[in-house]
Amino acid sequence: MSGNPVLYDHPGPRARVRNAVLTVVFGALILAVLYWIYRKFDEKGQFAAVLWEPFLKGATWNNFIIPGIEGTLKAAATAMVFALAFGLIFSVGRLSDHRWISVPAGIVVEFFRAVPLLLMIFFISYGVPFLIQSSVPPFWSVVIGLTLYNGSVLAEAFRAGVHAVPKGQSEAAYAVGMRKSLVMQHILVPQAARAMLPVIISQLVVLLKDTALGYIVSYPELLQLGVNVLSANFGNVVQAAIVVAAIYIVVNFGLTSLASWIERRSKRRGTKTQPVGPLVDGGAGA
Amino acid sequence: MRMTRVAATAAAAVLALTMAACGSDDGSGTGTGTGSGTGSGNTATGVVGKAASGSLKIGVKADQPGLGLQTGTAYEGFDIEMAKIIAKGLGMQESGIQYVTTVSANREPYIQQGTVDLVIATYTINDERKTKVNFAGPYFMAGQDLLVPAASTITAPEQLAGKKVCSVTGSTPAKRIQENYKDAQLQLFDSYSKCITALAGNQVDAVTTDDIILAGYASQSQYAGKFKVVGKPFSEEPYGIGLKKDDKASCDKINEILKAAATDGSYKAAWDKTLGASGKAAPELDVSKLTNCA
Amino acid sequence: MPVFSDPANFDMYVSGFMWILKMTGVSAVLALVLGVLLAAMRVSPVPVLRWFGAAWVNIFRNTPLTLIVFFCYFGLYATLSVSLSDDIDLNNFWLGVVGLSVYTAAFVCEALRSGINTVPAGQAEAARAIGLTFAQTLRIVVLPQAGRAVIAPLGSVLIALCKNTTIVGTIGLLEASNIMKQLINDNGDQVILIFLVFAGTFAAVLIPVGYLFGWLANRLAVKR
């Protein structure tokens, strides 16, 4: 029902007038607020050229922002691979018929879903070294934290996906004599993965955003380099944050658009898998 | 057919991601450190030994103007100049120094676990830290002070009652305010640059930490003339150079280098080049206060 | 439990989680209200409202919460001079609540919108056929069914919100994560214990909440 012409009648003359009035009033309101924000920023000198100038210089981008983006993407990409693997392993584990596998897998997944990522990364960086008598580099603190959390969320998504595959599919597979591992591998997981693809991608957006927590262990990602270190050089923390936020929005919007494109595409092709109710994770973290 | 296409896409995606993951490698503390140094960090191969082999990993701050500031691929500031003096004294090239960004909370672990060989990062010598690491120095006597707007009437921490004062989460200066000046309202951020921004916007009345750090911020060109350091330190923060607890030989050697630097003008040159911009004259390096590296 | 037997530390632990609870409670209500309004905007007949809802979701959902909370302090408070309390802690608390609410509302809106999609078109058509207006259709027929369909996702959103409150620590509120850091700084020898207590508290509260929402979702599901 996207676009939802179903929810209201085709506008008649009166409704058209009413919509036009609402458009004008609401539009004016938004513009007024935006203008107020603009005026206030101007009053406080936030548009002063000296604060924005650094962003016109190539060196600023080469020294801070681009290395920051690289750091963010490197951590996100590594964590995505690990999180997908973690999610796959633990979803299958949780679906296992053996209780000695399914119960521990369930506990792990539930625990890591419930602990704030901020605490997790902090602990990996400052607590785990006491356990293993060796320091954990910031990069791995971030990647491991992201993997444990997002992997657990993905495990639940995969599990929901497997449950959404029509029963007939697995029954038919058992009927032709496949073992459970084969049924999983060849029938359930591929269909579940496809049904859950939009959920998986939106979780990857969450993961990408969460790399921003890397700054608490001084991992050089976009927030750390582009806001904290950059503004220590130029004294323009608000401006730096605006630029960095814009970069995050563009990158994540791209990923989100990819997710909805895939969703539309799979709908059009009419996969037999039932749409798995609206399963959104709350977009945790950072 | 459909299935294979999905599988192929997935495989391609994973491949691309893996390649991206392996593609770049700037060693800023990410992949390094775990393996080396942990087992063999004894006196024989301590800092002196590593310097002899031509490379040292030195932990420094990345976001403190005038002291340790990352300016892209390079670092600059007084701590960085000290690092260069020590490297030179140990007979190695400046280019052999690998700077590693540290934050206050990970300085001891980084030394203990060998992620870095030395820490020169506004590192106050105190008894609690001495139980974990060894200190050479002090190479500078800092003290907690206040940074206030140029027109402010605040001249001492006692006048902070009811005022908003900003510092960094979990830092010693923040704790001192919490304990000794309970009437002050404490605003905490995760970096001093945010405190300075809040001070510039009048959201807080003062920023507190070591005077030398405050001087570094105050001397930045964007803030020229806007702030003043009160100039009455209410604590003693002797800055030391941290290294492994059992590396007494290197610690003694670094103290020797500091002694030489105090008289041959290189210490003054380091100051003039960096914090001299704050208008403060170079301090004397008081060699009588150097630690005994016990 | 040597750390927590010190009453001062125990009080810190309690006060840290009290902030978490208060922020979760207030932000949950605000985010729900805002989210419902945004969802209504996104399906409304007025293009400007639809556009506004979409812009809101795309901006806030795609920005790290750390930055949103940062903007609440340095944008809303510092630059726009919106002061929410004279007390420094309460002010930061409310600024944090604003950040959490606008961020979480984007997720509530998207959850509700996907819920609206699960309501069969015939329901809305029937509502229009008996002469209900858009607002009435939404309020009386569509949203109650959509809401019941998205109880589980809303539960996830609530749980994420609760965990996200730790991020307000970045503007200085002494909530659980900051308290944990402080305790770890002061008691370096008991890092593991301190982490397990803090993480365990979150898990002990949030895992049952997760199951509760699962159970509710099943119970209240619209049977078709």
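Throughout, a residue's number is its position along its own chain's written sequence, starting from 1. Think of it this way: whatever chain is written first is A, whatever ligand is written first is 1, and the rest follow in order. Local features in a predicted model are, by the rule used here, given only for residues with pLDDT of at least 70; side-chain atom pairs are given and counted only at 80 or more, and totals for whole chains, interfaces and linings are based on all residues. Here the side-chain values reflect all heavy atoms present in the structure, with hydrogen atoms and water set aside.

Under an unreviewed UniProt entry, the name given to chain B is Glutamate transport system substrate-binding protein, and the source organism is Asanoa hainanensis. UniProt positions are given in the numbering used here, feature names are shortened, and annotations may be inferred rather than shown by experiment. According to its UniProt record, chain B has this under Sequence similarities (unreviewed entry): "Belongs to the bacterial solute-binding protein 3 family."

Looking at an unreviewed UniProt entry, one finds chain A named Glutamate transport system permease protein and attributed to Asanoa hainanensis. Within the UniProt record for chain A, the comment given under Sequence similarities (unreviewed entry) is "Belongs to the binding-protein-dependent transport system permease family." Taken directly from UniProt, the Subcellular location (unreviewed entry) text for chain A runs: "Cell membrane".

1. Brief notes about the overall build of chain A
Scanning chain A from N- to C-terminus turns up twelve helices and zero strands. Reported as C-alpha extents along the three principal axes, the dimensions of chain A are approximately 75 × 75 × 30 Å. Each residue's exposure class comes from its accessible area (1.4 Å probe, protein chains only) as a fraction of the maximum for that residue type: buried when under 20%, exposed when over 50%, partly exposed otherwise. Looking at chain A residue by residue over its 286 residues, the buried ones come to 54%. The contact criterion used is simple: two residues touch if any of their non-hydrogen atoms lie within 4.5 Å. For chain A, contacts bridging at least 24 residues in sequence account for 75% of all contacts bridging at least 6. Calculation of accessible area relied on Shrake-Rupley with a 1.4 Å probe; when residues are assessed, cover is drawn exclusively from the protein chains displayed. Carbon and sulfur atoms make up 68% of the accessible area of chain A, which amounts to about 12,600 Å² in all. In this tally Asp and Glu are treated as negative and Lys and Arg as positive; neither His nor the chain ends contributes. Taken as the charge centre is NZ of Lys, CZ of Arg, CG of Asp or CD of Glu, depending on the residue. Charged side chains of chain A number 23 positive and 13 negative; the gap between the two group centres comes to 8 Å. Comment: elements are numbered from the N terminus, with helices defined as DSSP H or I runs of at least four residues and strands as E runs of at least two.

2. With respect to the sheet that holds strand β9 (residues 164-168) of chain B
Residues and elements named next belong to chain B. Strand pairing is defined by DSSP finding a minimum of two bridges between the two strands. One open sheet accounts for five strands, arranged β10-β9-β11-β8-β12; its pairing is mixed. If you trace the sheet from one side to the other, it starts and ends with β10 (185-189) and β12 (227-229), each paired once. Neighbour-to-neighbour, the strand axes of this sheet turn through a mean angle of 30 degrees, independent of strand direction. In terms of strand pairing, β9 meets β10 through five bridges, oriented parallel. What sits directly across from Val168, in β10, is Phe189. In this description, a line fitted to the C-alpha atoms serves as the axis of each element, helices being fitted only across the stretch in contact, and the angle between N-to-C directions of two axes falls anywhere from 0 to 180 degrees. The strands touched by helix α7 (residues 192-200) are β8 (144-149), β9, β10, β11 (206-210) and β12; relative to β11, the strand with the most contacts, the crossing angle is about 150 degrees. Contacting β8, β11 and β12, helix α8 (residues 211-218) runs over the sheet at an angle of about 125 degrees to β11.

3. Examining the sheet that holds strand β2 (residues 63-64) of chain B
Taken together, three strands build an open sheet; the order of strands is β2-β3-β4 (chain B) and the sheet is antiparallel. The strands lining the two open edges of the sheet, one partner per strand, are β2 and β4 (74-76) of chain B. The sheet contact formed by strand β3 (residues 68-71) of chain B and β4(B) spans three bridges and is antiparallel. Looking at β4(B), one finds that Gln70(B) is bridged to Tyr75(B). In the packing of helix α11 (residues 222-234) of chain A onto the sheet, the strands contacted are β2 and β3 of chain B, and the crossing angle to β3(B) comes to about 115 degrees.

4. Quick notes on a nonpolar patch on the surface
Like charges within 9 Å and nonpolar side chains (Val, Leu, Ile, Met, Phe, Trp, Tyr) within 5 Å are joined into patches, using only residues over 30% in relative accessible area that form no salt bridge. When a carboxyl oxygen of Asp or Glu lies within 4 Å of a side-chain nitrogen of Lys or Arg, that pair is called a salt bridge. A surface patch of nonpolar side chains, about 360 Å² in accessible area, is lined by Phe10(C), Val14(C), Met18(C) and Leu21(C). On the accessibility criterion, Met18(C) (40% relative accessible area) is partly exposed.

5. Some details on the interface of chain A and chain C
Accessible area lost upon the coming together of the parts is a frequently used measure of interface size. Of the residues lining the interface, 63 residues belong to chain A; the matching set on chain C comes to 71 residues. Accessible area that two parts lose when put together, evaluated with a 1.4 Å probe and summed over both, is termed the buried area. Of the roughly 5,700 Å² buried at the junction of chain A and chain C (both faces included), carbon and sulfur atoms supply 73%. The interface formed by chain A and chain C holds one salt bridge in total. Put simply, Arg128(C) and Asp9(A) hold a salt bridge, and the shortest N to O gap is 2.8 Å.

6. Re the packing of α7(B) against helix α4 (residues 65-77) of chain C
Contact geometry of α7(B) with α4(C) gives a least axis separation of 11 Å together with a crossing angle of 25 degrees. If you check the angle between α7(B) and α4(C), you find them roughly parallel. On α4(C), the residues that touch Lys194(B), Thr197(B) and Ala198(B) of α7(B) are Phe70(C), Tyr73(C) and Phe74(C). Its residues assigned to classes, the contact of α7(B) with α4(C) shows four nonpolar, one polar and one charged. Each angle receives one of four descriptions, namely roughly parallel if under 35 degrees, roughly antiparallel if over 145, roughly perpendicular if within 65 to 115, and oblique otherwise. Under the convention adopted here, Pro, Cys and the residues Ala, Val, Leu, Ile, Met, Phe, Trp and Tyr are nonpolar, Asp, Glu, Lys and Arg are charged, and Gly plus all remaining residues are polar.

7. Description of the UniProt feature "transmembrane region" (unreviewed entry) in chain A
Residues and elements named next belong to chain A. Annotation from UniProt places "transmembrane region" (unreviewed entry) at residues 20-38, 75-93, 114-132, 138-158 and 237-262. The distance separating the terminal C-alpha atoms of residues 75-93 is 26 Å; by composition the span is 100% helix and 0% strand. Annotated as 100% helix and 0% strand, the span residues 237-262 places its first and last C-alpha atoms 37 Å apart.

8. Things to note about the packing of aromatic side chains
Here a pair means two rings of Phe, Tyr or Trp (six-membered ring of Trp) with centres within 6.5 Å. Their orientation is stacked below 30 degrees between planes, edge-to-face above 60, and tilted elsewhere. In total, this model carries 43 aromatic pairs over all chains according to the counting rule given. Here the aromatic rings of Phe26(A) and Phe52(C) are separated by 5.2 Å at their centres, their planes lie at 85 degrees, and the arrangement is edge-to-face. Taken together, the residues Phe26(A) in helix α1 (residues 13-43) and Phe52(C) in helix α3 (residues 47-61) connect one chain to another. A connected cluster of aromatic rings, assembled from ring pairs, spans Phe78(B), Tyr139(B), Phe140(B), Tyr239(B), Tyr267(B) and Trp271(B). Charges are assigned to positions over rings by a cutoff of 6 Å between ring centre and Lys NZ or Arg CZ, combined with an angular limit of 35 degrees from the ring normal. The aromatic ring of Phe139(A) is capped on one face by Lys74(A), whose charged end is 5.5 Å from the ring centroid.

9. Examining unusual backbone geometry
Residues other than glycine predominantly adopt negative phi, and peptide bonds predominantly adopt the trans conformation. Although it is not a glycine, Ser218(A) adopts a positive phi angle of roughly 55 degrees. Inspection of the secondary structure puts Ser218(A) in the loop between α10 (197-210) and α11. Under the relative-accessibility criterion, Ser218(A) is labelled buried at 5%. With a phi close to 40 degrees, Thr122(B) is a non-glycine residue in the positive phi region. Structurally, the position occupied by Thr122(B) is in the loop between β6 (118-119) and α5 (127-130). Given a relative accessible area of 6%, Thr122(B) falls into the buried group.

10. Comments concerning the confidence of the model for chain A
Residue and element names in this part refer to chain A. The predictor's confidence in any single residue is recorded as pLDDT, a number from 0 to 100. Per-residue confidence for chain A gives a mean pLDDT of 86, with 91% of residues at or over 70. Least confident of the elements in chain A is helix α6 (residues 128-132), whose mean pLDDT is 80; most confident is helix α4 (residues 99-114), at 93. Predicted confidence for residues 271-286 stays below pLDDT 50, and this span has 62 contacts to residues more than four positions away or in other chains.

11. Some points on the domain arrangement of chain B
Residue and element names in this part refer to chain B. These domain limits were set by an automatic method or by a database of domain assignments. Annotation of chain B at the domain level lists domain 1 (43-141 + 238-280) and domain 2 (144-229). Between the C-alpha centres of domain 1 and domain 2 the distance comes to 26 Å. Every contact between the two is made by 15 residues of domain 1 and, on the other side, twelve residues of domain 2. Of the roughly 990 Å² buried at the junction of domain 1 and domain 2 (both faces included), carbon and sulfur atoms supply 62%. Our count for the contact surface shared by domain 1 and domain 2 stands at zero salt bridges. We define a polar contact as two N or O atoms separated by no more than 3.5 Å, with the added condition that, inside protein, one atom must be a possible hydrogen donor and the other a possible acceptor, whereas residues neighbouring each other in sequence contribute only through side-chain atom pairs. Summed over the shared surface of domain 1 and domain 2, the result is two residue pairs in polar contact (both at pLDDT 80 or more). Residue composition of the side of domain 1 that touches domain 2, grouped by class: eight nonpolar, four polar and three charged.

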